[in-house]
Amino acid sequence: IVWSNNEIEEYKSGYPDTNHLPQSISPLTPSPPPLMDKNNSNNEMYVTIPTKGTPTPTTGTTRDRDEGKAEMLGDTRRNEHVVMPKPEPIVIDNEDINMKQYEFKRFFDTNMNCPKKDIYYQCFIEHGYNDIGLLLHIDLDTLINECKIDKVYARFFMKKIEEFGESHARFSKFINEELDMHEYWNHFCNAGIKTLAILYERINGFDDITAIIKDEHAAKIIFYELPKIKRQQSVNSDNRGLSNHPTTPFL
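Residues numbered from 1 in each chain as written. Predicted model: local features only at pLDDT ≥ 70, side-chain atom pairs only at ≥ 80, totals over all residues. Heavy atoms only, no water.

**Some words on the overall build of the protein**
Okay, so step 1: Within the protein, the secondary structure is distributed over 11 helices and four strands.
Okay, so step 2: Burial status across the protein gives 34% buried among its 251 residues.
Okay, so step 3: A separation of at least 24 residues holds for 53% of the contacts in the protein among residues at least 6 apart in sequence. (Helix = DSSP H or I, 4+ residues; strand = E, 2+ residues; numbered from the N terminus. Buried < 20%, exposed > 50% of the residue type's maximum accessible area, 1.4 Å probe, protein only. Contact = heavy atoms within 4.5 Å.)

Pasting the structure below:
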């Protein structure tokens, strides 16, 4: 059935004029695409979510047809509408940030848990130190005298920076020495990926690494040489021997 302009307008309004609508409409007739709410400044989309119930006849008005379609899918109530918000960029304190700043914020939030943390973080921003690439250049004197962090919290945070430095060294050795792929090192650093832990957080497969280093072949080599992936492959190999079902590595 081809919908007339009047029927589409009635579908939008939700309160159709029943005098001239067809009296027998197939419940499988496709509805118009989801509509954008003109009064919705966030451009959110409303999507029909069915719930369980018993089908009812689907002849009659546009509203009858919509409810009948939903009930064929198992809906005893009127269709519920769930707001699906559009993706938002990473935002901290109402300002867009790059990934190096984002990773610094994650590190800071994880390792600085004290009443003045927001004040301390603002000091990092004011000095331009809120960058994961600068983290290993920060010392205890910087924390106490420039960022004005209390000595106890400064020493604790400094210890976490030192631990981060050890993780960074292991990741550097993995890329630059074990894989001998030093030409891709700066790609990871520029993306804020300074440790294996950060890399694991940011990827789901070698396609994500390809997006970072712009080389699919090298991305596959790096992905399948990652310690976590090799451990999973070992476990999958053992399981395959027991079940004979093929498995693929995943993060």
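**Section: the environment of Ile 213**
Okay, so step 1: Inspection of the secondary structure puts Ile 213 in helix α9 (residues 206–213).
Okay, so step 2: Sequence separation between Ile 213 and Tyr 184 is 29 residues, and the spatial gap between their C-alpha atoms is 6.1 Å.

**Thoughts on the side chain of Thr 195**
Okay, so step 1: As for its placement among the helices and strands, Thr 195 is situated in the loop between α7 (185–190) and α8 (196–202).
Okay, so step 2: A polar atom in the side chain of Thr 195 sits 3.2 Å from the backbone nitrogen of Ile 198.
Okay, so step 3: Those residues in contact with Thr 195 that sit more than four places away from it in its chain are Phe 164, Ser 167, His 168 and Phe 171. (Polar contact = N/O pair within 3.5 Å; in protein donor to acceptor, adjacent residues only side chain to side chain.)

**Some thoughts on the nonpolar core**
Okay, so step 1: Counting 45 residues, the largest nonpolar core has Phe 188 and Leu 226 as the members making the most contacts within it.
Okay, so step 2: Contributing elements (two or more residues each) for this core: α3 (99–111), α4 (117–127), α6 (151–178), α7, α8, α9 and α10 (216–225).
Okay, so step 3: Beyond its immediate stretch of four places on either side in the chain, Phe 188 contacts Phe 171, Ile 175, Ile 193, Leu 199, Ile 209, Ile 212, Ile 213 and Ile 222. (Core = buried A, V, L, I, M, F, W, Y, C linked by side-chain atoms within 4.5 Å.)

**Let's talk about the pattern of salt bridges**
Okay, so step 1: Within this structure, the stated rule accounts for nine salt bridges.
Okay, so step 2: A salt bridge links Arg 106 to Glu 103; the nearest nitrogen and oxygen atoms lie 2.9 Å apart. A residue pair is termed a helical-turn pair when its members lie 3 or 4 positions apart in one helix, as Arg 106 and Glu 103 do in helix α3 at three residues.
Okay, so step 3: In this structure Glu 103 comes out as buried when scored by relative accessible area, which is 2%. (Salt bridge = Lys/Arg side-chain N within 4 Å of Asp/Glu carboxyl O.)

**Digging into unusual backbone geometry**
Okay, so step 1: With a phi close to 55°, Asp 180 is a non-glycine residue in the positive phi region.
Okay, so step 2: Examined against the element boundaries, Asp 180 turns out to sit in the loop between α6 and α7.
Okay, so step 3: Despite not being glycine, Lys 214 shows a phi value in the positive range, around 65°.
Okay, so step 4: Along the chain, Lys 214 turns up in the loop between α9 and α10.

**Quick notes on the packing of α3 against α6**
Okay, so step 1: One can describe the packing of α3 onto α6 by two numbers: an axis separation of 10 Å at closest approach and a directional angle of 130°. One way to sum up the angle between α3 and α6 is to call them oblique. At the point where α3 passes α6, the crossing takes the right-handed sense. Touching Phe 107, Phe 108 and Asn 111 of α3 are Phe 156, Phe 157, Lys 160, Ile 161 and Phe 164, all from α6. (Axes fitted to C-alpha atoms, helices over the stretch in contact; angles between N-to-C directions. Parallel < 35°, antiparallel > 145°, perpendicular 65-115°, else oblique. Left-handed = near helix turned anticlockwise from the far one by under 90°.)

**Topic: α10**
Okay, so step 1: Taken as a whole, α10 has its buried residues at Ala 218, Ala 219, Ile 222 and Phe 223. Looking down the long axis of α10, one finds its buried residues gathered within 135° of arc, a one-sided arrangement.
Okay, so step 2: Where α10 begins, the capping side chain belongs to Asp 215, and its oxygen is found 3.2 Å from the backbone nitrogen of His 217. (Arc of directions from axis to C-beta.)

**What about the confidence of the model for the protein?**
Okay, so step 1: In the predicted model, the protein carries a mean pLDDT of 74, and 57% of its residues have values of at least 70.
Okay, so step 2: Counted against residues more than four places away or in other chains, residues 20–96, with its pLDDT under 50, gives 115 contacts. (pLDDT = per-residue confidence, 0-100.)

**Some details on the state of the cysteines**
Okay, so step 1: Tallying each qualifying case throughout the model produces zero disulfides.
Okay, so step 2: Cysteine Cys 147 shares no disulfide, and the gap to the nearest cysteine sulfur, in Cys 123, comes to 6.1 Å. (Disulfide = S-S within 2.5 Å.)

**Details of the packing of aromatic side chains**
Okay, so step 1: Enumeration according to the criterion identifies 14 aromatic pairs in this entry.
Okay, so step 2: Pairing Phe 104 with Phe 124 gives two aromatic rings, centres 5.2 Å apart and planes at 55°, and the pair type is tilted. On the criterion of sequence distance, the pair formed by Phe 104 in helix α3 and Phe 124 in helix α4 is long-range, its members being 20 residues apart.
Okay, so step 3: With a centroid separation of 5.3 Å and an interplanar angle of 45°, the aromatic rings of Phe 108 and Tyr 121 are classed as tilted. Residue Phe 108 is found in helix α3, and its partner Tyr 121 is found in helix α4; the two are separated by 13 residues along the sequence. (Phe/Tyr/Trp six-rings, centres within 6.5 Å; stacked < 30°, edge-to-face > 60°.)

**Some remarks on the environment of Trp 185**
Okay, so step 1: Relative to the helices and strands, Trp 185 is located in helix α7.
Okay, so step 2: Judged by its relative accessible area of 13%, Trp 185 is buried.
Okay, so step 3: Beyond its immediate stretch of four places on either side in the chain, Trp 185 contacts His 168, Phe 171, Ser 172, Ile 175 and Asn 176.

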